Amino acid sequence: MNVSVFGLGYVGTVCSACLAHMGHNVVGVDLNETKVDLLGRGKAPIIERDVAEYVANAVSAGNLRATMDVEEAARETDLSLICVGTPSRTNGSLDTRSVEGVARQIGKAIARKNTFHSVVVRSTVLPGTVRGRVLPILEQETGGKVGERFGLASNPEFMREGTAVADFYDPPKTVIGEVDPETAERLVSLYDGLPGPMFRTSLEVAEMTKYADNVWHALKVTFGNEIGAICKAEGIDSHVLMDLFCADQKLNISKAYLKPGFAFGGSCLPKDTRALAHHAVSRDLDLPVIANIARSNREQIERGIDWILETGAKRVAFLGFSFKAGTDDLRESPYLDMIERLLGKGVQIKVFDRNVELARLTGANKSYLYGVIPHVAELMVDNLDAALEGADTIVLTANAPEYGEAIGRIRPDQRILDFARLRTAEQLEDQYDGFLW
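Residues numbered from 1 in each chain as written. Predicted model: local features only at pLDDT ≥ 70, side-chain atom pairs only at ≥ 80, totals over all residues. Heavy atoms only, no water.

Brief notes about the overall build of the protein
Piece 1. Scanning the protein from terminus to terminus reveals 18 helices and 13 strands.
Piece 2. Viewed in the frame of its principal axes, the protein has a C-alpha envelope of about 80 × 60 × 40 Å.
Piece 3. Here the protein holds 437 residues, and 45% of them are scored as buried.
Piece 4. Counting only contacts in the protein whose residues sit at least 6 apart along the sequence, the fraction spanning at least 24 positions is 68%.
Piece 5. Summed over all atoms, the accessible surface of the protein reaches about 21,900 Å², with 51% contributed by carbon and sulfur.
Piece 6. Computed over 48 positive and 60 negative side-chain charges, the separation of the two mean positions in the protein equals 1 Å. (Helix = DSSP H or I, 4+ residues; strand = E, 2+ residues; numbered from the N terminus. Buried < 20%, exposed > 50% of the residue type's maximum accessible area, 1.4 Å probe, protein only. Contact = heavy atoms within 4.5 Å. Areas by Shrake-Rupley, 256 points an atom, 1.4 Å probe, with all protein chains shown as cover. Lys, Arg positive; Asp, Glu negative; His and termini not counted. Charge placed at Lys NZ, Arg CZ, Asp CG, Glu CD.)

Dropping the structure here:
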């Protein structure tokens, strides 16, 4: 393919070198004359394993060159990758002026072309940037509509410095946020032969993917370091410990617990998180991530309460209120906390949970339930119809078959608020809303 790469910094140079190495014809574009001159002479403007060799070979073979002329680059290629930087401003916000400036230049060049041109944002940008900023600029400058005059996509990169070439050729995934199918198909062809799963999704999901990945990586580094600080204080070899931690690929190194939902509860996670945070303080260790896990969990409960109240709900039926689906454990259930708070706001509540039967509640479960909401027996009903009757809002807390049965009994004047992503409930559309989706 004939590809132009805008921005010969780290990402742009690696992409240019690797795409040319794959046999594509690549034109690198940059406003920095030194970078353009270096690449034109077969020298890489960055230091990265294998890149210098790839650049030299591709320039020698004639399928990689560089220019400062935007119109020339757009005219001679079918697809442009925007790889310019998006640095932080002093307040932490993202500076997208370079992305917008390049988009404007490309748009002007497309306006003087007679063929369809695809624009792909590979720079790291926040969700909404491509649709809200880049798209209007391109439509204004080209005088045409996306999918007709030009194409547009988001295509984040997942390369690490030091192993960028290896990561380019063996990506963990390829993500294409598409607007028009032509541009998406061009990207599929561009990366033809690369391993790993490929996902075609919306612009916003593609943009957010990069942030979810990077912040997760940052969180993992910080978590490992905070655990290490505690281990050092206790004389424990943190690497031995984390080898054991990583050996658990069922819960620890896995997709477990990572789907957005509601707050955690139960007899283990809240208690143990508090205990470790307190122990760190007793050792004079300031560990902000561990110390604030409980705070973040409380904020999740607050968001849930606000979400329900903002709908104007007055009579609410809770379907489930144990801390976890399929159990009768009510200890530190976030739903009990929510029910108590909503009652204080004047909301009328009924609760149905087949797994929680008052006659069988004993020990810690019984004392916890009656300690948090002493009059809970008055809120609980023993069948689904009794819970639904008179309610204007149904709150789903668990993905249980019996709650799926409730969908067929919902009246047109009732609304479902879902904390568990019960797929059958989504079919109600206007009557349905999901907590974090």
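What to know about helix 9 (residues 203–234)
Piece 1. Along its 32 residues, helix 9 runs 47 Å from first to last C-alpha, staying within 8% of the 46 Å computed at 1.5 Å per residue.
Piece 2. Burial in helix 9 covers these residues: Leu203, Ala206, Glu207, Thr209, Lys210, Tyr211, Asp213, Glu226, Ile227, Gly228, Ile230 and Cys231.
Piece 3. Once helix 9 ends, the next one or two residues include glycine 235, with phi positive near 75°. (Expected span 1.5 Å × (residues − 1).)

Quick look at the pairing of strand 12 (residues 415–418)
Piece 1. Where strand 11 (residues 393–396) meets strand 12, four bridges bridge the pair, whose relative direction is parallel. Note on strand 12: the bridge partner recorded for leucine 396 is aspartate 418.
Piece 2. Strand direction decides the pairing type here: strand 12 and strand 13 (residues 432–434), joined by three bridges, are parallel. Residue pairing in the sheet places aspartate 418 in a bridge with glycine 434 of strand 13. (Pairing = 2+ DSSP bridges.)

Thoughts on the environment of glycine 265
Piece 1. With respect to the secondary-structure elements, glycine 265 resides in the loop between helix 10 (238–247) and helix 11 (269–282).
Piece 2. Glycine 265 sits 65 residues away from leucine 330 along the chain, and the two C-alpha atoms are 8.6 Å apart.
Piece 3. With sequence-adjacent residues up to four places away left out, glycine 265 is seen in contact with Pro270, Phe323, Arg331, Glu332 and Pro334.

With respect to the sheet that holds strand 3 (residues 64–67)
Piece 1. Pairing within the open sheet is mixed, and its eight strands lie in the order 3-2-1-4-5-6-7-8. Taken across any chain shown, the strands that pair with only one partner, and hence form the sheet edges, are strand 3 and strand 8 (198–201). Across the sheet, the mean angle separating the axes of adjacent strands is 25° when strand polarity is ignored.
Piece 2. With four bridges connecting them, strand 2 (residues 25–29) and strand 3 associate as parallel partners. Paired with glycine 28 across the strands is alanine 66, a residue of strand 3.
Piece 3. Strands strand 1 (2–6), strand 4 (79–82), strand 5 (117–121) and strand 6 (150–154) of the sheet are contacted by helix 5 (residues 97–111), whose axis makes an angle of about 165° with strand 4.
Piece 4. Helix 9 rests against strand 6, strand 7 (174–178) and strand 8 of the sheet, and its axis sits at about 145° to strand 7. (Axes fitted to C-alpha atoms, helices over the stretch in contact; angles between N-to-C directions.)

Some thoughts on the pairing of strand 10 (residues 348–352)
Piece 1. Where strand 9 (residues 315–319) lies against strand 10, five bridges are found, and the strand directions are parallel. Bridge pairing in strand 10 places phenylalanine 318 opposite valine 351.
Piece 2. With helix 14 (residues 334–344) bridging strand 9 and its parallel neighbour strand 10, the resulting β-α-β unit is right-handed. (Right-handed = clockwise from strand over helix to strand, strands pointing away.)

Re unusual backbone geometry
Piece 1. Positive phi values are uncommon outside glycine, yet arginine 421 reaches one of about 55°.
Piece 2. Structurally, the position occupied by arginine 421 is in the loop between strand 12 and strand 13.
Piece 3. Residues other than glycine seldom take positive phi values, yet glutamate 429 does so here, at roughly 50°.
Piece 4. Following the sequence through the fold, glutamate 429 ends up in the loop between strand 12 and strand 13.

Focus: the packing of aromatic side chains
Piece 1. This structure, assessed with the given rule, holds twelve aromatic pairs.
Piece 2. Counting every residue linked through ring pairs, the aromatic cluster contains Phe262, Trp307, Tyr335, Phe419 and Phe435. (Phe/Tyr/Trp six-rings, centres within 6.5 Å; stacked < 30°, edge-to-face > 60°.)

What about the environment of leucine 379?
Piece 1. Of note, leucine 379 is situated in helix 16 (residues 376–379).
Piece 2. In this structure, the C-alpha to C-alpha distance between leucine 379 and glutamine 348, residues 31 residues apart in sequence, is 8.9 Å.
Piece 3. Ignoring any residue separated from it by four or fewer positions in sequence, one finds leucine 379 in contact with Ile339, Leu343, Ile349, Lys350, Val351 and Ile373.

Some points on the sheet that holds strand 13
Piece 1. If you walk across this open sheet you meet the five strands as 10-9-11-12-13, and the pairing is parallel. Pairing within the sheet leaves two strands with one partner each, and these edge strands are strand 10 and strand 13. Here the strands of the sheet are splayed against their neighbours by 20° on average, with no regard to which way each runs.
Piece 2. Against the sheet, helix 13 (residues 293–310) contacts strand 9, strand 11, strand 12 and strand 13, and its axis sits at roughly 170° relative to strand 12.

Things to note about the pattern of salt bridges
Side chains that differ in charge, positive against negative, can pair when their charged atoms come close.
Piece 1. Scanning the model with the defined rule gives 28 salt bridges in all.
Piece 2. A salt bridge links glutamate 76 to arginine 65, with the nearest nitrogen and oxygen atoms 2.5 Å apart. Pair noted here: glutamate 76 is in the loop between helix 4 (70–75) and strand 4 and arginine 65 is in strand 3, with a separation of eleven residues, a long-range link.
Piece 3. Looking at glutamate 76, the relative accessible area reads 40%, which means it is partly exposed.
Piece 4. A relative accessible area of 30% means that arginine 65 is categorised as partly exposed.
Piece 5. In this structure, the salt-bridge partner of glutamate 185 is arginine 200, at a minimum N-O distance of 2.7 Å. Of this pair, glutamate 185 sits in helix 8 (residues 181–190) while arginine 200 sits in strand 8, and the two are 15 residues apart along the sequence.
Piece 6. According to the relative accessible area criterion, glutamate 185 is partly exposed, its value standing at 40%. (Salt bridge = Lys/Arg side-chain N within 4 Å of Asp/Glu carboxyl O.)

Honestly, that's just the spatial picture; any functional story needs more than this.
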